[in-house]
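Each chain, written out:
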Amino acid sequence: MEVTVRKDQYQIPQVEFVFRENGEFVNRTTSELFDGKRVVIFSLPGAFTPTCSAYQLPGFEEKYDDFISSGIDDIYCISVNDGFVMNAWAQDQNIKNVKLIPDGNAYFTRSMGMLVSKSNLGFGDRSWRYAMVVDNGIIEKLFVEVGQRDNADTDPYGETTPEVVLNYVKSTVRETATV
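Residues numbered from 1 in each chain as written. Predicted model: local features only at pLDDT ≥ 70, side-chain atom pairs only at ≥ 80, totals over all residues. Heavy atoms only, no water.

1. Some words on the overall build of the chain
Filter applied, for reference: Each helix is a run of DSSP H or I of at least 4 residues and each strand a run of E of at least 2, with the numbering of both proceeding from the N terminus. Radius of gyration here uses only the C-alpha atoms, and the compact-globule reference equals 2.2 Å multiplied by the residue count raised to the power 0.38. In what follows, residue pairs with any heavy atoms lying within 4.5 Å of each other are defined as contacts. Surface exposure here means Shrake-Rupley accessible area, sampled with a 1.4 Å probe, where a residue is shielded only by the protein chains that are shown.
A count of helical and extended segments in the chain gives 6 helices and 10 strands. Against the compact-globule benchmark of 16 Å for 179 residues, the chain has a radius of gyration of 16 Å, which places it among compact chains. Judged by the C-alpha coordinates and their principal axes, the chain covers about 60 × 40 × 30 Å. The long-range fraction of contacts in the chain, counting pairs at least 24 apart against all pairs at least 6 apart in sequence, stands at 63%. Surface accessibility of the chain: about 9,500 Å² in total, with carbon and sulfur atoms responsible for 47%.

What follows is the structure, given as C-alpha cells:
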C-alpha cells in the first residue's frame, strides 16, 4: 500500500519506555505501542497535579468511547514520571481505558522538543502540555498549549482538552456512503 506523507507530518521519536508491571520492569518501544494504530497521545506536566488530575486525564477517560467510535484505536497519557507513580495515579483516578505511559527519563518528551524546566515549582524537568493524533507512528495533528518556556508562571490548558482533540478527530471521520 502506498502512503503519501505530507510535509507537516513527522515520525514520532523512537524510544523505549520503562513500565512497571506485575512487580517487574518492562521495556516497550515506541513501535510496539504505536505502529499500526491511530492513537491520541496527550502529555502533561505531572501525575497528581491539579489540572491533570481534575480535568485532563479524567476528561479523556470520560470521552474514551467517543474517541474509539470516531476511529481512534487507543488513548495514551505520557508524563515525565516513573512507572510506580503512573500506576499509582491510574489507580487513584480509577482509570480503566486510557493507558498511562511513564517517560521517567524524558527520552520521548525531550525528543518531541517538549521538555521544559519547572524548577520554579520544584518539579525539575517536565513536559509542556501537548496532545497529538498519531497514525501508524506519524504525527497527524499536534496541539500545543501557548507560551512554552522554562519556568512558566502559568499552566495553560485550552488547546489540549479532550473536547478540542475529539472535535478534530470527529472532523476526520469519513462517512460511509449507503447504496
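2. So, the side chain of Gln-56
For clarity, the threshold we go by: Residue exposure (1.4 Å probe, protein chains only): buried if accessible area is under 20% of the type maximum, exposed if over 50%, otherwise partly exposed. A 3.5 Å cut-off defines polar contacts: any pair of N or O atoms within that distance qualifies, except that in protein one atom must be a possible hydrogen donor and the other a possible acceptor, and neighbouring residues in sequence count only when both atoms are side-chain atoms.
Residue position: Gln-56 is located in helix α2 (residues 50–62). For Gln-56, a relative accessible area of 0% corresponds to the buried category. Only 2.5 Å separates the side chain of Gln-56 from the side chain of Arg-129, close enough to count as a polar contact. Filtering out sequence-adjacent residues up to four positions away, Gln-56 remains in contact with Phe-42, Ser-43, Leu-44, Thr-51, Arg-129, Tyr-157, Thr-160 and Pro-162.

3. What about the pattern of salt bridges?
Here is the rule we go by: A pairing counts as a salt bridge when a side-chain nitrogen of Lys or Arg comes within 4 Å of a carboxyl oxygen of Asp or Glu.
One pass over the full model with this rule turns up 7 salt bridges. Salt-bridge contacts for Arg-28 lead to Glu-21; the nearest nitrogen and oxygen are separated by 2.8 Å. Residue classification places Arg-28 among the partly exposed residues on the basis of a relative accessible area of 26%. Each of the salt bridges in this network shares a partner with another, and the network as a whole consists of Glu-62, Lys-63 and Glu-163.

4. Observations regarding α2
Quick reminder of the rule: By this rule, a helix spans an expected 1.5 Å times one less than how many residues it contains.
In this model, α2 (13 residues) spans 17 Å end to end at C-alpha, consistent with the 18 Å of a helix rising 1.5 Å per residue. Three or more residues of α2 are buried, namely Thr-51, Cys-52, Ser-53, Gln-56, Leu-57, Gly-59, Phe-60 and Glu-61. Against β4 (38–44), α3 (64–69), β5 (74–79), α4 (83–92), β6 (99–102) and α6 (162–171) lie the buried residues of α2.

5. Quick look at the sheet that holds strand β9 (residues 130–135)
Heads up, the rule is: Two strands form a pair only when DSSP identifies at least two bridges running between them. Only C-alpha atoms enter the line fits that serve as axes; for helices the fit covers just the stretch in contact. Angles between N-to-C directions range over 0 to 180 degrees.
As summarised here, the arrangement of the 6 strands in space is β1-β10-β9-β4-β5-β6, forming an open sheet in which the pairing is mixed. On the outer flanks of this sheet lie β1 (10–11) and β6, each paired with one strand and no other. Alignment of β1 against strand β10 (residues 138–144), held across 2 bridges, turns out to be antiparallel. For Gln-11, the partnering residue across the bridge sits in β10 and is Ile-138. Packing against the sheet, α2 makes contact with β4, β5 and β6, and its axis sits at approximately 175 degrees to β4. Where α6 meets the sheet, its contacts fall on β4, β9 and β10, and the angle it forms with β10 comes to roughly 145 degrees.

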